[in-house]
Amino acid sequence: MTLLANIRVRDMSVKTRLTLAVALFFTLAFALLTVFSISVFERTLEKVIDVRQSSLIQNTADEIDQKFELRRSTLIRLAVDLGSVPRDNDNLQSFLEQQHSLDGLFDNFAIFDLKGDLIANMDRPETRGKLNISTRDYFQKSIAEGKVVISSPLKSGVSGRPIVVICVPIFDPRGQMILTLLGTIELTEDSFLANFANEKIGVTGYFYIVTAKGFFVTHPDQSRILKNTSDLLGKSKSLDMALSGFEGTTMSTTRQGQEAIFSFKRLKSVDWIVTAVYPSEEAFSPIIEVKRSAIFVSITLLVILLPLAWWFMYRQLAPLQKLRNKVITADTEFDINLLPKSYPKDEIGELAKSFDDAMARRLAAESALVTSENKLRLIADNMSAFIGYIDYNEKYTFVNKQVEKLFGLSAKQAIGKTIKEVTAPAFYHQIKPFINQVLNGEWTRYERQAQRNGNVEWDRVTYVPDINADGMVDGFFVLVEDITEFKRIQTELTASEKRTRTITDNVPALIGYIDADERYQFCNRFYNMIPGLNSEMMIGQTVKDVFGEAPYLELKENIRQALKGKAVSFERFTTERGLARYLQYEYVPDVNLDGSTVGFYTMVIDVTGRKEAELKQQSSEGLLRAIADNIPAFVSFIDKEDRFQFVNRPYEAWFNLPLAEIRGRSVLSLLSEPIQQLHTEHFQIALAGEKTEFELQISISGIFNHYRATYAPQRDEAGNVIGVNSLINDITDAKAIETQLLALARFDTLTGLPNRNQLNERLAEATARSTRNQRSIAVMFLDLDRFKSINDTLGHHAGDLVLKEFAFRLKGCIRQTDMVGRLGGDEFVIVLEGLNSQEESEIVGSKIIQAMTTPFNIDGNSRIITTSIGIAISNTKNSSGEDLLNKADEALYLAKKAGRNIFRSLEL
């Protein structure tokens, strides 16, 4: 049977055997592939679902954390701002009511004091003083730790909906905790968690959140919100794991016994756990469909692929036929761009690749030759000079495009023509000797003039002989360069050198050029003015040769610096060669393009006259310095650039700097900020030509004194302002006397209270503030009842004692922001600002009358002193101080008429 089977297989054609083998292979392969694919798909789908659900719950947790962080940071910023708001309940309430722009983040804001009492509420101000949260755990924790605390979810006492509270302590500028700020967030609001509960995973999957203690924060079944998981029927093993600290994804069953994929993620901002539940039945439903589809596809593919086996064999033999056709037509139809990128890994493929490689190498060699010729042509055509080759018979065999500029011919027209044919007879006769020279094997170069397009141009022509191996000249290479511009520059340079010589010879100074070897290469004619020197004879000599050893040693270091590339300027007194002169030297280095110094230019000017004048001026300035340094004042000269050019010795104590560091410095860089503006203002006035004075305070060794500064313009001979003279005198003693006199003029000498003058000034200011702030103001007019009897019975000394004690008691009855003053005699005035009602002034009046019930001790005598008070209250915007005083005087009259020791009020 086996032999028969073997005979039958051998009798089959190769195509049939291959077809059966392919069919068997595909059948087995598809079966194995189907089983393997389904297995891999199941595992992959589980991983995909795990990763997708973990990513989804991670993103959800991050989003909730970001919402908490946004609200937490917003609340902290509000708390910082509240720390600088005056601790007045109305101010705090007003501040909260301005925060409605944050309604999208919080449902309400409230401020509580450290005892837990509500003192401000943004949306419900009527609840102020009616709520205390001192027993709330989040409040106690925030107060105890001084940190931001987020509460556990709780039910709102107002709306009945679940909320969470963020509690932030408020600190004053000194860092003391003074209040707490609460922000409430409704968990079911759209901006927070409302949409979260409605989110789905697939069709039946869902999300919910529980706290670490097991209370539901949100759930698709809203009846569970704020309930504990332990109160529900059934048991959830996966949720118990999460409450014990598990994070991640696991398979488990719901409380109803349904198998599902559970994912848990704890939030960073609060102790909550975000949970995702995806029923397994829905999650893995694609696998059942895949199994059915895989079986159907396997059978279908098998039916399709078996007939294709025959076609496959035909395709296996097709490359060989294709290679045969390519070999036959290679010379005419071979295209390297159409070659395949890869070949079959068999004998036919190797044969086809070998043939294509051989043809490609042949085409590459041909292309390289063409490319080389094109590059040579491209280089030659883009050179600015004419390039050509002329054979032994004087015929052009190669020219570049510049031939058109020289002879008016194209390159194609010039090839094959002789030199004589393309040039004029006279021109050919001119260059013929040079042609003969190069054809005799000599390298030849010459310059020539040519007339082109109406212009005279210059060419530099180079002939290079082409000598073969036998030593014979086959022709020569031609290079023609346009040197017209070079010739023009050369001519201009010659003219420039002539002009330079003319200029330097007429400059009243010694001008020369010394090279790197310290030799003179140029000297102007003024060197001839020095006895024994000749400018022409100096060329090529060294400095030492010209002036001798001693002068050279004086100049040597400056010469060395100039040859290092540094510009040098110095003065020198010389007596050599019978001269006694001051000379100013200027050495300017001559630096090459590569940065090396090849020499330097020297200019020497006779400055004897200027130097002698400077010495005289220095002597005069020395005397001025001695005088200025011993004046008890600040003396200086400031130039137009606002820099100190002269300062006397006292400036050292002011700026704590030596004089050498002050001179030349900007004035503003040395002055303190308060003085800079004063200086700039008056400095500009003085620069405009006017004398100006002003006062300032200067600190020397930490002690502030008063000074008066005088700025006077300094003019030149033409009357132009060239700077400012400054004189600053100490007026501290005079200022102290002035201050004492001013105090005597504004304060009552007996009681120390503001007198009538100061009272009138401050009353005017108070009425202006009252009008601007739209707040009420009150003026109280007081006098002592029967004060004359005290003077008559006990003497004026006793009366003075009573007035001083009365003034003392008045100051104890008013606020620091209020003012009490004495008009004269026993008449006093009190000004009350920023009143909210008339009753506030009447309360002050009652306090004053009560304060006088304590007997006055007058040199051992005890006596009750009473006072009558008239109060004028202004609720209008245009009341003056004088109107208020007059109205208060009327009210005082009414109080005395009513029996004294009382007050009466009148509105203005």
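Just so it is clear, the structure is predicted and the values come from calculations on it, not from any experiment.

1. Quick look at the nonpolar core
- Residues Ile111, Leu181, Leu193 and Trp272 are the most contacted members of the largest nonpolar core, which totals 47 residues.
- Only α2 (14-82), α3 (89-97), β1 (108-113), β2 (118-121), β5 (162-171), β6 (177-186), β8 (205-211) and β12 (272-279) provide two or more residues apiece to this core.
- In terms of residue count, α2 provides more of this core than any other element does, ten residues in total.
- Setting aside anything within four residues of it in sequence, one finds Ile111 in contact with Leu82, Leu92, Leu96, Asp117, Leu118, Ile119, Ala120, Leu179, Thr180 and Leu181.

2. What to know about the sheet that holds strand β15 (residues 444-452)
- Taking strand neighbours across the sheet as the criterion, the five strands line up as β14-β13-β17-β16-β15 in an open arrangement whose pairing is antiparallel. The open sheet has two edge strands with one neighbour each: β14 (396-399) and β15. Neighbour-to-neighbour, the strand axes of this sheet turn through a mean angle of 25°, independent of strand direction.
- Examined bridge by bridge, β15 and strand β16 (residues 455-467) share nine bridges and lie antiparallel to one another. Within β16, the position partnered with Thr444 by the bridge is Tyr463.
- Helix α15 (residues 484-506) contacts β15, β16 and β17 (473-482) of the sheet and is inclined by roughly 120° relative to β16.

3. Topic: the pairing of strand β10 (residues 248-253)
- Where β10 meets strand β11 (residues 259-266), six bridges bridge the pair, whose relative direction is antiparallel. From the neighbouring strand, Thr253 faces β11, where its bridge partner is Glu259.
- Between β10 and the antiparallel strand that follows it, β11, lie five residues; Gly257 among them carries a positive phi value of about 85°.

4. Quick look at the packing of aromatic side chains
- Scanning the model with the defined rule gives 30 aromatic pairs in all.
- Between Phe386 and Phe407 the ring centres are 6.3 Å apart and the planes differ by 85°, which places this aromatic pair in the edge-to-face class. Placement of Phe386 in strand β13 (residues 386-391) and of Phe407 in helix α11 (residues 403-407) is noted, with a sequence separation of 21 residues between them.
- Summarising the aromatic geometry, the rings of Tyr389 and Phe477 are spaced 4.9 Å apart at their centres and angled 65° between planes, so their arrangement reads as edge-to-face. Here Phe477 lies in strand β17 and Tyr389 lies in strand β13, a separation of 88 residues in the sequence.
- According to the relative accessible area criterion, Tyr389 is buried, its value standing at 15%.
- With a relative accessible area of 41%, Phe477 lands in the partly exposed category.
- Chaining the aromatic ring pairs together yields one cluster made of Phe634, Phe644, Tyr651, Trp654, Phe655 and Tyr707.
- The side chain of Arg460 reaches across the aromatic face of Phe486, ending 5.9 Å from its centre.

5. Some remarks on unusual backbone geometry
- Backbone geometry at Leu226 places phi at a positive 75°, although glycine is not the residue there.
- The exposure class assigned to Leu226 is partly exposed, which follows from its relative accessible area of 23%.
- Residue Glu518 is not a glycine yet carries a positive backbone phi of 65°.
- Here Glu518 is to be found in the loop between β18 (510-515) and β19 (520-523).

6. Some words on the packing of helix α25 (residues 756-773) against helix α29 (residues 881-897)
- Contact geometry for α25 and α29: axes closest at 9 Å, N-to-C directions at 105°. In this view, α25 runs roughly perpendicular relative to α29, as classed from their interaxial angle. Contacts between α25 and α29 pair Asn760, Leu763 and Thr767 from the former with Gly881, Leu884 and Leu885 from the latter.
- Its residues placed into classes, the contact of α25 with α29 shows three nonpolar, three polar and no charged.

7. Comments concerning the sheet that holds strand β20 (residues 568-574)
- Strands sit in the order β19-β18-β22-β21-β20 across an open sheet of five strands; the sheet is antiparallel. Of all strands in the sheet, those with a lone pairing partner are β19 and β20, marking the two edges. Averaged over neighbouring strand pairs, the angle between their axes works out to 20° when direction is ignored.
- Where strand β21 (residues 581-591) and strand β22 (residues 597-606) come together, nine bridges link them in antiparallel fashion. Counted as the bridge partner of Pro589 is Phe600 from β22.
- Each of β18, β20, β21 and β22 is contacted by helix α18 (residues 549-563), which is oriented at about 175° to β20, the strand it contacts most.

8. What about α25?
- Over its 18 residues, α25 extends 25 Å from the first C-alpha to the last, a length consistent with the 26 Å expected when each residue adds 1.5 Å.
- Burial in α25 covers these residues: Gln758, Leu759, Leu763, Ala766, Thr767 and Ser770. Down the axis of α25, the buried side of the element spans an arc of 165°, and every buried residue falls inside it.
- Among the residues trailing α25, Gln774 stands out with phi positive, at a value near 55°.

9. Digging into the confidence of the model for the protein chain
- Mean pLDDT over the protein chain works out to 83, with 87% of the residues at or above the 70 mark.
- The low-confidence segment residues 1-7 (pLDDT under 50) makes zero contacts with residues lying over four places distant or belonging to another chain.

10. Side note on a nonpolar patch on the surface
- Where nonpolar side chains cluster on the molecular surface, the patch consists of Ile295, Ile299 and Val303 and spans about 310 Å² of accessible area.
- Topologically, Ile295 is positioned in helix α8 (residues 285-328).
- The class for Ile295 is exposed, based on a relative accessible area of 53%.

11. So, the side chain of Asp65
- Tracing the chain through its elements places Asp65 in helix α2.
- No salt bridge is formed by the buried Asp65. Its closest oppositely charged neighbour is Lys268, at 5.7 Å.
- At a separation of 3.1 Å, a polar atom in the side chain of Asp65 contacts the main-chain amide nitrogen of Lys268.
- Excluding residues within four positions of it along the chain, Asp65 makes contact with Leu267, Lys268 and Ser269.

Rules used throughout
Residues numbered from 1 in each chain as written. Predicted model: local features only at pLDDT ≥ 70, side-chain atom pairs only at ≥ 80, totals over all residues. Heavy atoms only, no water. Core = buried A, V, L, I, M, F, W, Y, C linked by side-chain atoms within 4.5 Å. Buried < 20%, exposed > 50% of the residue type's maximum accessible area, 1.4 Å probe, protein only. Helix = DSSP H or I, 4+ residues; strand = E, 2+ residues; numbered from the N terminus. Contact = heavy atoms within 4.5 Å. Pairing = 2+ DSSP bridges. Axes fitted to C-alpha atoms, helices over the stretch in contact; angles between N-to-C directions. Phe/Tyr/Trp six-rings, centres within 6.5 Å; stacked < 30°, edge-to-face > 60°. Lys NZ or Arg CZ within 6 Å of the ring centre and 35° of its normal. Parallel < 35°, antiparallel > 145°, perpendicular 65-115°, else oblique. Nonpolar A, V, L, I, M, F, W, Y, C, P; charged D, E, K, R; others polar. Expected span 1.5 Å × (residues − 1). Arc of directions from axis to C-beta. pLDDT = per-residue confidence, 0-100. Patch = residues over 30% accessible without salt bridge, like charges linked within 9 Å, V, L, I, M, F, W, Y side chains within 5 Å. Areas by Shrake-Rupley, 256 points an atom, 1.4 Å probe, with all protein chains shown as cover. Salt bridge = Lys/Arg side-chain N within 4 Å of Asp/Glu carboxyl O. Lys, Arg positive; Asp, Glu negative; His and termini not counted. Polar contact = N/O pair within 3.5 Å; in protein donor to acceptor, adjacent residues only side chain to side chain.

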